[in-house]
Amino acid sequence: MAAPIPASPLFLREPEIRRGVELLYFGYAHLTRSIDAGLAEQGLGRAHHRALYFIARKPDLTVSELLAILSITKQSLGRVLTELGDRGFVETRTGEKDRRQRLLRLTPAGAKLEAELFDALRGKMAAAYSSAGPGAVGGFWAVLEGLVPDEERAVVAALGR
């Protein structure tokens, strides 16, 4: 792999910002392509993966919380959750304190699929982190966190707990 082009000390100029946008776009595209075959084998798409991923990160996530995380319509999420439920990957139960809540949890089959998909993502991310070096990881995270609006950072932080 060619040595990375060093960032200009004038990193807020248009060429550097465009380069960052391009790298973010292409990096994410290649990262998600690493799981496309595994999803296709199940007849699923990336929206299904995002739901599986976040339900795995926070078992008993409410439908409302998942809607907020994914920023999609209720109709879109309903379709995704119905398909995941019908295939035996996600189960829904009623909240104990609030019976109106629908709590989401992966089934053993769903946990297995999510783990397989995550392994592909882990391999890509680990290779990229390794290539960039440990000092770059914190900076990368800081830039990505800077893209998340202040009012949504608590949601992101809660996933890491």
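Note that the structure is a prediction, hence the values are computed from the model and not measured.

### A word on unusual backbone geometry
- Phi at aspartate 60 takes a positive value of approximately 70°, unusual for a residue other than glycine.
- With respect to the element layout, aspartate 60 can be found in the loop between helix H2 (46-57) and strand E1 (61-62).
- Although it is not a glycine, serine 71 adopts a positive phi angle of roughly 50°.
- By the secondary structure assignment, serine 71 is in the loop between helix H3 (63-70) and helix H4 (74-86).

### Some thoughts on the packing of helix H1 (residues 14-41) against helix H5 (residues 108-132)
- Look at H1 against H5: their axes get within 9 Å of each other, and the N-to-C directions meet at 155°. Relative to H5, the element H1 is oriented roughly antiparallel. Classified by chirality, the crossing of H5 by H1 is right-handed. Side by side, H1 and H5 meet where His30, Leu31, Ser34, Ile35, Gly38 and Leu39 of the first sit next to Leu117, Ala120, Leu121, Lys124 and Met125 of the second.
- Broken down by class, the residue content of the contact of H1 with H5 amounts to seven nonpolar, three polar and one charged.

### Section: the side chain of threonine 107
- Among the secondary structure elements, threonine 107 is positioned in the loop between strand E3 (102-106) and H5.
- Looking at threonine 107, the relative accessible area reads 11%, which means it is buried.
- Sequence-distant contacts of threonine 107, that is, excluding residues within four places in its chain, are made with Gly88, Phe89, Val90 and Glu91.

### Notes on the environment of glycine 85
- Along the polypeptide, glycine 85 turns up in helix H4.
- Look at glycine 85 and you get partly exposed, because its relative accessible area is 33%.
- Separated by 71 residues in sequence, glycine 85 and glutamate 14 place their C-alpha atoms 46 Å apart.

### So, the nonpolar core
- Ranked by internal contacts, the top residues of the largest apolar core, which has 25 residues, are Ile55, Leu66, Leu84 and Val90.
- Listing elements by their share of this core, those giving two or more residues are H1, H2, H3, H4, E3 and H5.
- Not counting residues up to four positions away in its chain, the partners in contact with isoleucine 55 are Leu61, Leu66, Leu81, Val90, Leu104, Arg105 and Leu106.

### Structural notes on a nonpolar patch on the surface
- Taken together, the side chains of Leu12, Ile17 and Val21 present a nonpolar region at the surface, about 310 Å² in accessible area.
- Examined against the element boundaries, valine 21 turns out to sit in helix H1.
- Valine 21 gets classed as exposed once you look at its relative accessible area, which sits at 53%.

### A short note on the packing of aromatic side chains
- Counted by the stated rule, this structure contains three aromatic pairs.
- Plain terms: the ring middles of tyrosine 25 and phenylalanine 26 are 5.1 Å apart, the flat faces sit at 80° to each other, and that makes the pair edge-to-face.
- Taking relative accessible area as the criterion, tyrosine 25 reaches 55% and is therefore assigned exposed.
- By relative accessible area, phenylalanine 26 is classed as partly exposed at 49%.
- Where tyrosine 53 meets phenylalanine 54, the ring centres are 5.1 Å apart and the plane angle is 90°; that geometry is what we call edge-to-face.
- Under the relative-accessibility criterion, tyrosine 53 is labelled partly exposed at 23%.
- With a relative accessible area of 18%, phenylalanine 54 lands in the buried category.

Rules behind the numbers
- Residues numbered from 1 in each chain as written.
- Predicted model: local features only at pLDDT ≥ 70, side-chain atom pairs only at ≥ 80, totals over all residues.
- Heavy atoms only, no water.
- Helix = DSSP H or I, 4+ residues; strand = E, 2+ residues; numbered from the N terminus.
- Axes fitted to C-alpha atoms, helices over the stretch in contact; angles between N-to-C directions.
- Parallel < 35°, antiparallel > 145°, perpendicular 65-115°, else oblique.
- Left-handed = near helix turned anticlockwise from the far one by under 90°.
- Contact = heavy atoms within 4.5 Å.
- Nonpolar A, V, L, I, M, F, W, Y, C, P; charged D, E, K, R; others polar.
- Buried < 20%, exposed > 50% of the residue type's maximum accessible area, 1.4 Å probe, protein only.
- Core = buried A, V, L, I, M, F, W, Y, C linked by side-chain atoms within 4.5 Å.
- Patch = residues over 30% accessible without salt bridge, like charges linked within 9 Å, V, L, I, M, F, W, Y side chains within 5 Å.
- Areas by Shrake-Rupley, 256 points an atom, 1.4 Å probe, with all protein chains shown as cover.
- Salt bridge = Lys/Arg side-chain N within 4 Å of Asp/Glu carboxyl O.
- Phe/Tyr/Trp six-rings, centres within 6.5 Å; stacked < 30°, edge-to-face > 60°.

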